[in-house]
Amino acid sequence: MPVLEQLRARLVRQGPSLLRLPLTFMPFALQRQVLQQLLHWQFRQALADGELAFLASRWLEVEVRDLGLRWYVTVENDRLRICATATPDVRFSAEANDLILIAARRRDPDTLFFQRRLRIEGDTELGLYVKNLMDAADLETLPPLLRQGLTQLADFIEAGLQQDTVTFSRAGELC
């Protein structure tokens, strides 16, 4: 296998663990600001149309397991609010690569759920609303530069995961 493909597969596999330490030192205020801006871009129209009303006075916990990140999201006064702590009504957790692939519409949340790579715990009805919202997310609502960056990152992750699968299957060959 070419060296660059090996490097890509290794970065995809180990990249999140390399980012974990620096991200633990990122102040929550900065995390919240970045996340709120991203969510605002993605769900601006859904908020305006009242499609996120199901989250009003309810808390969604989002955990990125391999990065050690956790946020709590609700809708308050027709705006998304993100906090560092709350008592969640429903919890979503997954690895960073899987969440990126979901965001880029490269992986179906249902498939990852049944593969036990996306965990949904708590209020089943609320979890279904959130999952359906993830399914309906439209990349076209993102600014072009952000959409292109997400697409390229998803391409990189998919290629690295595919290379990892090829490497793993070749390791099992008896020759």
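Quick notes on the rules
- Residues numbered from 1 in each chain as written.
- Predicted model: local features only at pLDDT ≥ 70, side-chain atom pairs only at ≥ 80, totals over all residues.
- Heavy atoms only, no water.
- UniProt positions renumbered as here; feature names shortened; annotations may be inferred.
- Helix = DSSP H or I, 4+ residues; strand = E, 2+ residues; numbered from the N terminus.
- Contact = heavy atoms within 4.5 Å.
- Core = buried A, V, L, I, M, F, W, Y, C linked by side-chain atoms within 4.5 Å.
- Buried < 20%, exposed > 50% of the residue type's maximum accessible area, 1.4 Å probe, protein only.

Labelled according to an unreviewed UniProt entry, the chain appears under the name Ubiquinone biosynthesis accessory factor UbiT, originating from Chimaeribacter coloradensis. In the Pathway (unreviewed entry) part of its UniProt record, the chain is described as follows: "Cofactor biosynthesis; ubiquinone biosynthesis."

A.B. asks: Help me get a handle on the UniProt feature "domain: SCP2" (unreviewed entry) in the chain, residues and values and all.
C.D. replies: When the UniProt feature table is mapped onto this chain, "domain: SCP2" (unreviewed entry) is found at residues 44-135. Taken end to end, residues 44-135 is 34% helix and 29% strand, and its first and last C-alpha atoms sit 16 Å apart.

A.B. asks: So what about the side chain of Ser-93? Which residues, and what values?
C.D. replies: On the secondary structure map, Ser-93 appears in strand β4 (residues 90-94). With near-sequence residues (within four places) excluded, Ser-93 lies in contact with Glu-63, Arg-65, Arg-117, Leu-118 and Arg-119.

A.B. asks: How would you summarise the nonpolar core if you had to cite specific residues and measurements?
C.D. replies: Grouped together as the largest cluster of nonpolar side chains are 29 residues, with contacts concentrated most on Phe-43, Leu-52, Phe-54, Leu-55, Leu-80, Phe-92 and Leu-118. Counting residues per element, the ones that place at least two in this core are α2 (28-48), β1 (60-64), β2 (69-76), β3 (79-83), β4, α3 (96-103) and α5 (124-136). No other element matches α2, which puts 5 residues into this core. In contact with Leu-118, not counting residues within four places along its chain, are Phe-92, Ser-93, Ala-94, Ile-102, Pro-109, Leu-112, Phe-113 and Met-134. Membership of the second largest hydrophobic core comes to 8 residues, among which are Val-12, Ala-104, Leu-139 and Leu-150.

A.B. asks: Outline the environment of Tyr-72, listing residues and values.
C.D. replies: Looking at the secondary structure, you find Tyr-72 in strand β2. Sequence-wise, Tyr-72 and Asp-110 are 38 residues apart; in three dimensions their C-alpha atoms are separated by 22 Å. With residues near it in sequence (within four places) discarded, Tyr-72 still touches Trp-59, Leu-60, Glu-61, Arg-81, Ile-82, Cys-83, Ala-84, Thr-85, Ala-86 and Pro-88.

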